[in-house]
Amino acid sequence: MTTSTTSAPAEVELAIGGMTCASCAARIEKKLNRMDGVTATVNYATEKAKVSYGGDVSVRELIATVEATGYTAREPEPASTGPGSGGAEQPAAADPLRPLRDRLVTAVLLAVPVIAMAMVPALQFEYWQWLSLTLAAPVVTYAAWPFHKAAVTNARHGAATMDTLISVGTAAAFLWSLWALFLGTAGTPGMTHPFELTIARTDGAGNIYLEAAAGVTAFLLAGRYFEARSKRKAGAALKALLELGAKDVTVLRGDREEQIPVGELKAGERFVVRPGEKIAADGTVVEGTSAVDASMLTGESVPVEVGAGDAVTGATVNAGGRLVVEATRVGADTRLARMAKLVEDAQNGKARAQRLADRVSGFFVPVVIALALATLGFWLGNGSGPTAAFTAAVAVLIIACPCALGLATPTALMAGTGRGAQLGILIKGPEVLESTRRIDTVVLDKTGTVTTGRMTLLAVHTAGGAREDEVLRLAGALEHASEHPIARAVADGARERVGTLPAPEDFANVPGLGVQGVVDGHAVLVGRERLLAEWAMELPAALARARAEAESAGRTAIAVAWDGEARAVLEVADAVKETSPEAIAGLRALGLTPVLLTGDNRAVALSVAREVGIDAEHVITEVMPQDKVDVVERLQGEGRSVAMVGDGVNDAAALARADLGLAMGTGTDAAIEAGDLTLVRGDLRAAVDAIRLARRTLGTIKSNLFWAFAYNIAALPLAAAGLLNPMIAGAAMAFSSVFVVGNSLRLRSFKAAH
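For the protein chain, an unreviewed UniProt entry supplies the name Carbonate dehydratase and the organism Streptomyces ambofaciens. UniProt lists a comment for the protein chain under the heading Sequence similarities (unreviewed entry), and it reads "Belongs to the cation transport ATPase (P-type) (TC 3.A.3) family. Type IB subfamily."

Next up, the structure:
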């Protein structure tokens, strides 16, 4: 009898359609959470609902509840991973932005002449008002249809949003204009709107408001289109993550090798990974030795040496010899796939910042509608006649219709993002800006963010009379023949300092220890101290001390010997970017606490922290990729508002989970798509500028919204008193719009701090 209530709750993800603003998501969430045993979060940005349900509730009932709320819901179709999947269907998929783009183009092309004729008396020819009606009708009906549809949906559920006010205001302006044209005096040939800035009561029979209806629709559609275009990228992080994996894999079938799509690989099968290839799935090495570059997945800068029995991860790169790997986890079970799921969960669980205009509209819209009805009742009861009463009531709706509000967010965002692009900062959307004001802690991924992300030759220590150029020439020549990432760092450093390197003879790779060969007649060894020990060589005291100091600082020490004697120790490490210390100081100046987060060991991290100026107590080390999200959540649990700066696949989920994600543009696509702000340059100082610019843009949006609402609130009493001349209404609306645009354009003067 109690089976259904004691069973673990099931989870489902529903694709939601028909949402037009953040309050729609809140309404759906509220309805779902009212069901017994249901816990739901609805994300407006990704248009998905993540629902946990138990008891007797079914998925069909969940979908029915969403549909009863006025929206659509369905279970998302599983992504195909088979060969050629979706190839034929992909081109046929409709562009979801096309209907909105078509409405926007229609509105702009038709509204511009309507506004021009209404505002410029010189353009008002004999029958101009009828041309205005012809042009405005498609704008107010076809182009504004999303607003009307949303208003009806809201009304059915007793709610009001900006859509309600836009629909009521534009419809009122249009219907009044129809009445004035067909039943009033506005349709008289030669009627004009004189440019008179006088406050006087009018019966409204000669007034048309077509330019208000068409202009508001065009402005707000532009804002909706740009918002929808940025929102469309919300799922791209998952796609970028999954595309990092190998596409094909060479499996061993008996004595032969066969290449198959990676989707057909099964657990237990053995596959070959050649140098430079991506490892196709999580598995265990059964044959061969190599260095595996896992930096894009784990963030660890030093390649990992692997041999028989060692575990390897899918999507990492084989940097050395040939490996044979036995697959242990494939498909959705791989570490990469689980990281993709982490990113998706982080996006769905992210705090949804409602747009300020929508929040205010929750009480502003009902107040305006109530005021319009009260105005109508007052003038009718006052004996002023139905024409004057309806004029005053409609004027209230028209003056409240938010032309400047429609411009407040998009113009500031366009100015801010345009200036940001010039400075190498890309802002994804208006929701991002609210987060920048609250953050007090910045978590910095070490590799590729604070450091260069590449192994670099940092120092050369010599002994026994050896010259530095001689050491680099011999060691660089031998390492140049190796595929190992550390060897490449030595070879590149040697080539930069001494120029062309000679070709080695009798080159041999000693697995796990280093390389040996003959260069210019010298028998040379380059590698670990153990390699020299096998040839009965020991490091002199000075070099042994240099090696110990290098390793205590988290650097890799490489011994160099030739002709039977140890001659040098090379230091290789992931170097700190020159601009990182200045950037950390800039973050502190903004009142933020920098935290260093890395998968590397503590010695490496503390060395970097000391160099850039981060306190030791704010260094978090040896963190696995999947645990970075936990670190962010722990800091949030302590009451902090957290920004995350990163560049690797391993940072993607944490970037999505953080209150503000800043992705380095020099990093992976997955990180860039998961972040809220993208820093095009690989310069951490851009993070300081990004936060400053985002805060300035948010401040501009707020001041725009304040003045737009202030204009509406100040003008409402005039409208209710029946004193609003149409030209004053048009001029005031134009002025408020010009003010908002001018205020937004001040963002173009924003200057970088460096």
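A. Representation of the overall build of the protein chain in the model. Looking only at helices and strands, the protein chain has 27 helices and 26 strands in total. Going through the 754 residues of the protein chain one by one, you find that 53% of them count as buried. Excluding contacts between residues fewer than 6 apart, the proportion of contacts in the protein chain whose partners are at least 24 apart in sequence is 70%. Entry remark: accessible area of the protein chain is about 32,100 Å², with carbon and sulfur atoms responsible for 56%.

B. Region of the structure containing the pairing of strand β3 (residues 48-53). In this sheet, β3 lies alongside strand β1 (residues 10-17) in antiparallel orientation, the contact comprising six bridges. By the bridge assignment for β3, Val12 is matched with Val51. Across five bridges, strand β2 (residues 39-43) lies against β3 in antiparallel orientation. Following the sheet pairing, Thr41 is matched in β3 by Lys50.

C. Just the sheet that holds strand β9 (residues 290-293), in detail. Strand order in the open sheet made by the three strands is β10-β9-β12, with antiparallel pairing throughout. At either margin of the open sheet sits one strand with a lone partner, and together these are β10 (304-306) and β12 (317-318). Judged from the two bridges that link them, β9 and β12 form a sheet pairing that is antiparallel. In the sheet register, Val292 faces β12, and the bridge partner there is Asn318.

D. Here's a closer look at the pattern of salt bridges. If you walk through the whole model with that rule in mind, you get 25 salt bridges. A salt bridge links Glu269 to Arg253; the nearest nitrogen and oxygen atoms lie 3.0 Å apart. Taken together, the positions of Glu269 in the loop between β6 (256-261) and β7 (270-273) and Arg253 in strand β5 (residues 248-253) put the pair 16 residues apart, joining distant regions of the chain. Where Glu326 meets Arg270, a salt bridge forms, and the shortest distance between an N and an O atom there is 3.5 Å. Of this pair, Glu326 sits in strand β13 (residues 323-329) while Arg270 sits in strand β7; the two residues are 56 residues apart in sequence, bridging distant segments of the chain. In this structure Glu326 comes out as partly exposed when scored by relative accessible area, which is 27%. Each of Arg253, Arg256, Glu258 and Glu269 takes part in salt bridges that share partners, so that together they form one network.

E. Focus on the sheet that holds strand β14 (residues 425-427). Taken in spatial order, the seven strands make up an open sheet running β14-β26-β25-β24-β15-β22-β23, and their pairing is mixed. A strand with exactly one partner marks an edge of an open sheet, and here the two such strands are β14 and β23 (619-620). By the bridge criterion, four bridges tie strand β15 (residues 441-445) to strand β24 (residues 642-646) in an arrangement that is parallel. Residue Val442 lies in a different strand from β24, and its bridge partner there is Ala643.

F. Representation of helix α22 (residues 602-612). Within α22, burial applies to Val604, Ala605, Ser607, Val608, Ala609 and Val612. Structurally, α22 contributes buried residues whose contacts are with α16 (446-450), β16 (451-462), β21 (565-576), α21 (580-589), β22 (593-597) and β23. Looking at the residues trailing α22, positive phi occurs at Gly613, about 95 degrees.

G. Summary view of helix α6 (residues 145-156). With 12 residues, α6 extends 17 Å from end C-alpha to end C-alpha; this agrees with the ideal 16 Å at 1.5 Å per step. Three or more residues of α6 are buried, namely Phe147, His148, Ala150, Ala151, Thr153 and Asn154. Gly158 sits one or two positions beyond α6 and adopts a positive phi of about 65 degrees.

H. The arrangement of the packing of helix α4 (residues 98-119) against helix α5 (residues 128-143) in detail. Contact geometry for α4 and α5: axes closest at 9 Å, N-to-C directions at 155 degrees. When the interaxial angle is binned, α4 and α5 end up roughly antiparallel. Where α4 crosses over α5, the two elements pack in a sense that is left-handed. Between α4, through Pro99, Asp102, Arg103, Thr106, Ala107, Leu110, Ala111, Pro113, Val114, Met117 and Ala118, and α5, the contact on the second element is made entirely by Trp128, Leu131, Ser132, Leu135, Ala136, Pro138, Val139, Tyr142 and Ala143. Each residue belonging to the contact of α4 with α5 can be placed in one class, and the counts come to 16 nonpolar, two polar and two charged.

The rules behind these values
- Residues numbered from 1 in each chain as written.
- Predicted model: local features only at pLDDT ≥ 70, side-chain atom pairs only at ≥ 80, totals over all residues.
- Heavy atoms only, no water.
- UniProt positions renumbered as here; feature names shortened; annotations may be inferred.
- Helix = DSSP H or I, 4+ residues; strand = E, 2+ residues; numbered from the N terminus.
- Buried < 20%, exposed > 50% of the residue type's maximum accessible area, 1.4 Å probe, protein only.
- Contact = heavy atoms within 4.5 Å.
- Areas by Shrake-Rupley, 256 points an atom, 1.4 Å probe, with all protein chains shown as cover.
- Pairing = 2+ DSSP bridges.
- Salt bridge = Lys/Arg side-chain N within 4 Å of Asp/Glu carboxyl O.
- Expected span 1.5 Å × (residues − 1).
- Axes fitted to C-alpha atoms, helices over the stretch in contact; angles between N-to-C directions.
- Parallel < 35°, antiparallel > 145°, perpendicular 65-115°, else oblique.
- Left-handed = near helix turned anticlockwise from the far one by under 90°.
- Nonpolar A, V, L, I, M, F, W, Y, C, P; charged D, E, K, R; others polar.

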